[in-house]
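# Survey of secondary and tertiary structure
Each chain, letter by letter, is given below.
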Amino acid sequence: MNHIENDEQYKGLAVNKGVASPPTINPYLKKQRRERKPEYSVNEYVEGILKGDITILSQAVTLVESTLPQHSKIAQEVIEKCLPHSGNSLRIGITGVPGGGKSTSIDSFGMHLMARNKKLAVLAIDPSSELTKGSILGDKTRMEQLSIQKNAFIRPSPSAGSLGGVARKTRETIILCEAAGFDTIFVETVGVGQSETAVRSMVDFFLLIQLAGTGDELQGIKRGIMEMADAIIINKADGNNVDKAKLAAGQFRNALHLFPPTESGWIPKVLTYSGYYGTGIKDIFDMIDEYESMARESGYFLHKRNQQNKYWMYETIDEQLKDHFYGNPEIKAIIENKEGLVMGGEVSSFIAAKDILDRYFKSI
Ligand code: GDP
């Protein structure tokens, strides 16, 4: 059939195959970036941090996040020297699905703490940021009021590496922030999976932000994450959403009753609030105070921190063993070869693994 739109006179209207859009990230940018030398000596970093100098603190955190061995070496020495000055803060984990209002809430929570002369560091764990490029967590622009406060230090998620690596860097940053005099630390993460376990293992109290009346698909919160929470706080309890939020609170309370009792003896609470309008926030912090008093009195607070230290010792061993193993050039080559053989059904996965490990153990 003769289609009129194919006529020569309409040629200009034809939809042509577009040009592929360029990648948003210039792949060469990273390589071009100069590798800056650390600007200070270990002692200068430590002195600056202990004085509460934010510029030096930021630069030290950059060293912690760096993947260059010479940076890590200095970072580790700085951390070691800051360690005796750390620990004097309340560490609070905050999670919730994207759009749940984490940044709005952290902004309001932070302002609540500012009014009480607290010093707050907001850190984040977002292991997906390496894939998605451009971390969304801990981004200053999302916390408009807090980002201009001199007593607030906001740092986005370290982006490079595995969850274990990202989490370790955040944990080390906590130490530096505490040594710099921050008495409250928020560790933010997205409520979608494994990163909660990592956050829970570095905080004293874990808040789960939920929404009312959005259906399960948006909540996307796994039962396991609910079980980790010391409190579920239902955001956006404002306008005509107040009743729905209260109803949801009741449902969450019922659900929590089904969980086994916690080791601390604390019964997880459910509260409603509005991060946007700043209502219900005092109740949240009163509750956290109540928890802290209880846990300190019973000795659970310290017990949990000691357990966490143990956990991080093993995590660090695991991470460094893996790095050492997979980073070995000889091993890399054998793995590639063995992988092909396993995929082709020529060698069993067990034998392949054993061969690779034998080679590794001989090489070290
Ligand atoms: P995040 O992705 O979890 O960091 O969520 P945001 O803080 O960016 O909030 C997502 C959306 O929810 C934004 O449009 C906010 O303005 C809105 N929002 C956040 N908190 C509240 C609240 O307390 N009440 C209402 N009505 N909207 C809110």
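First things first, this report covers the structure right here in the doc. Since we're looking at a predicted model, the values are computed, not measured.

### Focus on the site of the ligand
- Around the ligand, the surrounding shell holds 15 residues, and the nearest of these are Lys-102, Ser-103, Thr-104, Arg-142 and Asp-238.
- At 2.8 Å from an oxygen atom of the ligand is found a main-chain nitrogen or oxygen belonging to Gly-99.
- A distance of 2.5 Å separates an oxygen atom of the ligand from a polar atom in the side chain of Thr-104.
- Compared with its free state, where it exposes 570 Å², the ligand has 68% of that area covered by protein.
- Among the elements that line the shell around the ligand, the one with the most residues is helix H5 (residues 102–114), at three residues.

### Remarks on the layout of surface pockets
- Considering only enclosed or pocket space, the second largest pocket measures out at about 850 Å³ in volume.
- Lining the second largest pocket we find 35 residues, and of these Arg-168, Glu-172, Thr-316, Glu-319 and Gln-320 sit closest to its centre.
- Sorting the residues of the lining of the second largest pocket by element identifies helix H4 (69–82), helix H7 (163–179) and helix H13 (300–326) as the ones contributing at least two each.
- Considering every element that reaches the lining of the second largest pocket, the biggest residue donor is H13, with 12 residues.
- Here the residues of the lining of the second largest pocket sort into nine nonpolar, 14 polar and 12 charged.

### A word on H5
- Taking 1.5 Å of rise per residue, 13 residues should cover 18 Å, and H5 covers 18 Å from first to last C-alpha, within 8% of that figure.
- Across the 13 residues of H5, 11 count as buried, placing the element largely inside the fold.
- Every buried residue of H5 is accounted for by Lys-102, Ser-103, Ser-105, Ile-106, Asp-107, Ser-108, Phe-109, Gly-110, His-112, Leu-113 and Met-114.

### A closer look at the side chain of Ser-89
- With respect to the helices and strands, the residue Ser-89 is situated in the loop between H4 and strand S1 (90–96).
- A distance of 2.6 Å separates the side chain of Ser-89 from the side chain of Glu-178, its partner in a polar contact.
- The residues contacting Ser-89, other than those within four sequence positions of it, are Glu-178, Phe-182, Asp-183, Thr-184, Ile-185, Asp-204, Phe-301 and Arg-305.

### So, the packing of aromatic side chains
- Enumeration over the complete set of coordinates arrives at 13 aromatic pairs.
- Where Phe-109 meets Tyr-273, the ring centres are 5.6 Å apart and the plane angle is 40°; that geometry is what we call tilted. With Phe-109 in helix H5 and Tyr-273 in the loop between strand S7 (269–272) and helix H12 (281–298), this residue pair connects regions lying 164 residues apart in the sequence.
- Classification of Phe-109 as buried rests on a relative accessible area of 0%.
- On the basis of relative accessible area, Tyr-273 is assigned to the buried category, the value being 1%.
- Relative to Tyr-291, the ring of Trp-266 has its centre 5.1 Å away and its plane inclined at 85°; by these criteria the two rings are edge-to-face. With Trp-266 in the loop between helix H11 (242–257) and S7 and Tyr-291 in helix H12, the pair connects residues that are 25 residues apart, well separated along the chain. Like Trp-266, the residue Tyr-291 is buried in the burial classification.
- Taken together, Phe-109, Phe-186, Tyr-273 and Phe-285 form an aromatic cluster joined through their ring pairs.
- Just above the ring of Phe-182 sits the side chain of Lys-119; from NZ or CZ to the centre is 4.7 Å.
- We note Arg-296 situated over the ring of Phe-301; from NZ or CZ to the ring centre the distance is 4.0 Å.

What counts and what doesn't
- Residues numbered from 1 in each chain as written.
- Predicted model: local features only at pLDDT ≥ 70, side-chain atom pairs only at ≥ 80, totals over all residues.
- Heavy atoms only, no water.
- Near = heavy atom within 4 Å.
- Polar contact = N/O pair within 3.5 Å; in protein donor to acceptor, adjacent residues only side chain to side chain.
- Areas by Shrake-Rupley, 256 points an atom, 1.4 Å probe, with all protein chains shown as cover.
- Helix = DSSP H or I, 4+ residues; strand = E, 2+ residues; numbered from the N terminus.
- 1 Å grid on protein atoms, 1.4 Å probe; cavity = no way out; pocket = protein on both sides within 12 Å on 5 of 7 lines; lining within 4 Å.
- Points joined across faces, edges and corners; volume = space filled by probe spheres on them.
- Nonpolar A, V, L, I, M, F, W, Y, C, P; charged D, E, K, R; others polar.
- Expected span 1.5 Å × (residues − 1).
- Buried < 20%, exposed > 50% of the residue type's maximum accessible area, 1.4 Å probe, protein only.
- Contact = heavy atoms within 4.5 Å.
- Phe/Tyr/Trp six-rings, centres within 6.5 Å; stacked < 30°, edge-to-face > 60°.
- Lys NZ or Arg CZ within 6 Å of the ring centre and 35° of its normal.

All quantities given are derived from atomic positions and should not be read as evidence of function.
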